[in-house]
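Commentary on secondary and tertiary structure
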Amino acid sequence: MASARPHARRVLCTLGLLVAGCDWQHFALVNSLPVEGDPAANPVVHVYLAVDGLAYETVAAAQRAGLLAPERWQAAKLVAMFPASSDSSWSRILHAAPLPGYELHYFDPDHDVLRNEGYVGLACHGVPHLAGTALAGPDYYRGFDSYADGYLDPLWGYTAIEFSLSESLDGLFIALEGRAETQHAFLGYLLELDVLGHMRPRAEVDAALRRLLLRIEQFRAHHPERRFVFTLLSDHGIDFVPAEPEHFVDARALLRDADVRAVRSFAEGRRGRGPFAVPIVHTPVSYLALHTEAAQADEVARRVSEQPSVDLVLSPSSPADAASAAEGRRWFSVWQRGRRALHAAYDAARDSYALRRDADLAALGLDLSASGTSPASLAEHLELSDEQAFVAAREGRYPDLLYRLRSALTPVSNRYPAEVLVSFRRPYTSSGFRVPFSSVDEQARHGFHGSLDAGSSTGVLLSEERALPAAVRSDTVLELFPRLAEHLRARGLELQPGDPGANLAYGQIP
Amino acid sequence: MRPPDRQLHLRPWLGCGLVALAWASGAPGARAEPAATRPLPTLAANGLYPLWEGTGDVHGHGHGVVALRDVQLGLGGWGQLGSQPLEFVFRTPNAQLKLALWRGERWRWAMQVACYALLPGAGEAFFSPTYAATLRNQDFAVFALPLQLATSWRAAPWLQLHHTLTALTVAGQPPVQPRLTVGNFLTAELLALRHHGFYLHLGEVGAWAHELLILGASYRLRWGPVEGRVGYVYRRHAEGWQGQPLLDLGVRF
């Protein structure tokens, strides 16, 4: 029996290599086949490039440098969901099937267990995806015509970033060149700007965007037979706020300091006394997801918000009073420095928010004058339509705050949303799962995303296709770009309805 | 009369045993074998990049190969029938017919015609979506018909050069337009030891249009009837470089 195990391992390795070899053979065949289409059949090709972590500020810098002709390119702030994390955010933007959690590491409340914890979760980032298996990857990947360049692409993306960027740009435009012969639209994905944002100074991210823009123009020049209309979109921003070693927060230590027990399951939590929470510790991001019982979510949030590394904490809440409870609204709270900074409710039927008057809205970056709101709509509560709330927070410290807060707690792109979400006070950030002797987590300190604040949350829509409002809610991208929605459907993606209140009447927004 | 390398293949198990014996007794023993009785190094009957690369060699009658990439059978010493079985999994049925035009001591000439039918969906039919194909044909079929003239020249006992001239016709259902593309492929086969072959690959596709440049290197191991090949190729497209491994494993008979 002892000798059978290595033998089986050898057979499995050989089989794995053979499966890989199969893809290689077909890849070589298809990608050296000169297929030509009729330019008259698709004279215009709409190209959508999903650029992970491209911040609005990076594009604004390119605009200031004169790299984006204003008569051709329209730029808008694209406000990501909270928490602004890639897999969840792309799933919501593209209306793909929801993921279990915000990250690959998640808590499964149905079985009261953590999944993909530690090394397993990290390894999931580097494991080659195999269609139709447990290694298929998130559903939104199926929407991309091109999202990687080989089995080891994710690994190179984090360990050899310059090489990976060159390889990915080549692979992306090679795929586009071929597909443009027969397709009307193309959706490609580029990972490396996000990695650069984490691991390199801002100037290198700016340089990477310049390379991408240059490649777009070169591609256009190489292919005069068709007109290519480009749109770039991103899943979140990067705040370009570096973190020193003392700013990396260990989730368990944070909970301990807040007098909240860090546990691995609800069963373990119920065995002890006092509030408990299951922290999700995965990658270095500027938010932290905590799972706990609904009855103690407010108390966990309040205690955690007292910590100096924490900016805001979100929790679902009970109604403010009996009358409010009868209205069937969904209540939530924002905690700051140990007190409830905001107690609000969302009325799905009216697509509006009710805010308690005692909230310090200015401290939360809500500018009611911008939204044209009269502060006398209700005696106890201030009522804001979704559009008014969007405008009030558009230029604030926390863009689209109310929508992002209330939708973070609902299963739109995550089957198991957390009960408590922590937004760190930058430069503090979650340390994520630390790998001994790894330089990746030490290098990932130049910029972060995930938190509620503007730098982290504000991605970009940069388009030659259409005029854009100044700011766009990321959940509404497909409404603004119906060709992209159609392309996703054509690629076999079953578009999810998303949050029923996500729509914004951009035409009515000043 | 069969060439010496074929005699080895007629007795695969004996060959396998001899290889094992030679391996066990150490390479010096093999090297000490008199040149006159030493079997000639075995030659490749296939290119590693079959759409554009071939050889002037054909399998002898009743001989052939069953491999990951190729299933081939020699017919009458003048030709061979073949197919790439794995491509069927990728919705690409295909077949090749290769004819020996001339076989001399140092030169061999062959012509091959093949047909690949990329059925709807073949462009993206990968096991892993990490490979982005340049073609997505969910609604239409594409047909590729390469006609190849290949020559192999034994420049030295340790060196063989293969050249393949390909005229590839690609046609299909709309929106694909019929198109003829010419390719040139040169392969240097270094037969360093009896069971080992090292290859350098250089291909150019598109003639004066220079659509594609293919560069690569590979290694082949022959172990009795078992033959394995592994290599890495780069393709230079108009929009940049793309690299990938290539792998083959099979049994010759």
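See the structure above.
Notes on the structure follow.

Calculation criteria
Starting from 1, residues in each chain are numbered consecutively following that chain's sequence as written. Written order determines the labels here, with chains lettered from A and ligands numbered from 1. Confidence filtering applies because this is a predicted model: local features only for residues at pLDDT of at least 70, side-chain atom pairs given and counted only at 80 or more, and all residues used for totals across whole chains, interfaces and linings. The basis for the side-chain values is all heavy atoms of the structure; hydrogens and waters are excluded. Two residues qualify as a contact provided that any one of their heavy atoms is within 4.5 Å of a heavy atom in the partner residue. Buried area: the accessible surface (1.4 Å probe) lost by two parts on joining, summed over both. Within this document, salt bridges are pairs made up of a side-chain nitrogen of Lys or Arg and a carboxyl oxygen of Asp or Glu, the two lying within 4 Å of each other. Counting of polar contacts relies on pairs of N or O atoms within 3.5 Å, with two restrictions inside protein: one atom must be capable of donating a hydrogen and the other of accepting it, and residues adjacent in sequence are counted only when both atoms are side-chain atoms. Put simply, DSSP H or I for four residues or longer makes a helix, DSSP E for two residues or longer makes a strand, and each gets a number counted from the N terminus. Side-chain atoms within 4.5 Å link the members of a nonpolar core, which is a set of buried Ala, Val, Leu, Ile, Met, Phe, Trp, Tyr and Cys residues. With a 1.4 Å probe rolled over the protein chains alone, any residue whose accessible area is under 20% of its type maximum counts as buried; one over 50% counts as exposed, and the rest are partly exposed. Only strands joined by at least two bridges in the DSSP assignment are considered to pair. In this analysis an axis means a line fitted to C-alpha atoms, helices contributing only their contacting stretch, and an angle means the value between N-to-C directions, from 0 to 180 degrees. Here the angle decides the label: under 35 degrees means roughly parallel, over 145 means roughly antiparallel, 65 to 115 means roughly perpendicular, and every other value means oblique. For any helix crossing, the convention is left-handed if the near helix is rotated counterclockwise from the far helix by under a right angle, and right-handed if that rotation is clockwise. Here the term charged refers only to Asp, Glu, Lys and Arg, the term nonpolar to Ala, Val, Leu, Ile, Met, Phe, Trp, Tyr, Cys and Pro, and the term polar to all other amino acids, Gly among them.

Once that is clear, we can look at the interface of chain A and chain B. With 47 residues of chain A in contact, the opposing surface of chain B contributes 51 residues. Between chain A and chain B, roughly 4,900 Å² of surface is buried when both sides are summed, and carbon and sulfur atoms account for 60% of that area. If you look at where chain A meets chain B, you find 3 salt bridges. For the interface between chain A and chain B, the tally reads 28 residue pairs in polar contact (both at pLDDT 80 or more). Elements with a contribution of two residues or more to the side of chain A that touches chain B: helix H1 (4-30), strand S1 (36-37), helix H6 (161-179) and helix H8 (202-222) of chain A. The dominant element in the side of chain A that touches chain B, judged by the number of residues it contributes, is H1 of chain A, at 13 residues.

Take the nonpolar core next. Residues and elements named next belong to chain A. With 76 residues, the main nonpolar core has Leu49, Leu212, Phe230, Leu232 and Leu461 as its most contacted residues. For leucine 232, the contacting residues outside a window of four places in its chain are Leu49, Val51, Leu54, Trp73, Leu209, Leu212, Ile216, Val460, Leu461 and Leu462. Core analysis: the next-biggest nonpolar cluster, separate from the first, contains 43 residues, Met81, Phe276, Val278 and Ala359 among them.

Quick look at the pairing of strand S11 (residues 287-291) of chain A now. Residue and element names in this part refer to chain A. In terms of residue burial, S11 counts as a mostly covered element, since 5 of its 5 residues are buried. Residues of S11 alternate between two faces, with Tyr287, Ala289 and His291 on one and Leu288 and Leu290 on the opposite face, all of them buried. With 4 bridges connecting them, S11 and strand S17 (residues 420-424) associate as antiparallel partners. Its bridge partner being in S17, alanine 289 is matched across the sheet by leucine 421.

All names here are of chain A. Across the sheet, 9 strands lie side by side as S9-S10-S11-S17-S12-S13-S14-S15-S16; this open sheet has mixed pairing. Two strands close off the open sheet at either side, each with one partner strand: strand S9 (261-262) and strand S16 (381-385). Pairing analysis gives 5 bridges linking strand S15 (residues 352-356) to S16, with the strands arranged antiparallel. Counted as the bridge partner of alanine 354 is glutamate 383 from S16. Helix H14 (residues 386-394) contacts S15 and S16 of the sheet and is inclined by roughly 95 degrees relative to S16. On top of the sheet, helix H15 (residues 401-408) reaches strand S12 (310-316), strand S13 (330-336), strand S14 (339-347), S15, S16 and S17; it is set at about 110 degrees to S13, its chief contact.

Let's shift gears to the sheet that holds strand S7 (residues 227-233) of chain A. All names here are of chain A. Taken together, the 6 strands give an open sheet; going across it, the order is S6-S2-S7-S19-S3-S20, and neighbouring strands pair in mixed fashion. The two strands at the open ends of the sheet, each matched to only one other strand, are strand S6 (185-190) and strand S20 (471-473). Across the sheet, the mean angle from the axis of one strand to that of its neighbour is 25 degrees, orientation sign disregarded. Inspection of the sheet shows strand S3 (residues 74-79) paired to S20 by 3 bridges, in the parallel sense. Counterpart to valine 79 in the pairing with S20 is arginine 473.

Turning our attention to H14 of chain A. In terms of residue burial, H14 of chain A counts as a mostly covered element, since 8 of its 9 residues are buried. All buried positions along H14 of chain A are accounted for by Asp386, Glu387, Ala389, Phe390, Val391, Ala392, Ala393 and Arg394 of chain A.

What follows is about helix H2 (residues 56-64) of chain A. Looking only at H2 of chain A, the buried set comprises Tyr56, Thr58, Val59, Ala60 and Ala62 of chain A. Glycine 66 of chain A lies just past H2 of chain A and shows a positive phi near 75 degrees.

Time to look at the environment of alanine 295 of chain A. Relative to the helices and strands, alanine 295 of chain A resides in the loop between S11 and helix H11 (297-305). Alanine 295 of chain A sits in the exposed class, given a relative accessible area of 82%.

Residues and elements named next belong to chain A. In this structure, leucine 193 sits in helix H7 (residues 192-199). Judged by its relative accessible area of 1%, leucine 193 is buried. In the structure, leucine 193 is positioned 226 residues away from glutamate 419 in sequence and 31 Å away in space, judged by C-alpha atoms. Beyond its immediate stretch of four places on either side in the chain, leucine 193 contacts Val51, Asp52, Leu54, Leu165, Val205, Ala208 and Leu209.

On to the packing of H6 of chain A against H8 of chain A. All names here are of chain A. Here H6 crosses H8 at 25 degrees, and the two axes come no closer than 11 Å. On the basis of their axis angle, the class for H6 and H8 is roughly parallel. Every pair of crossing elements has a handedness; the one defined by H6 and H8 is right-handed. Contact residues: Glu162, Leu165, Ser166, Leu169, Asp170, Phe173, Leu176 and Glu177 in H6; Glu204, Ala208, Arg211, Leu212, Arg215, Ile216 and Phe219 in H8. For the contact of H6 with H8, the residue count by class is 8 nonpolar, 1 polar and 6 charged.

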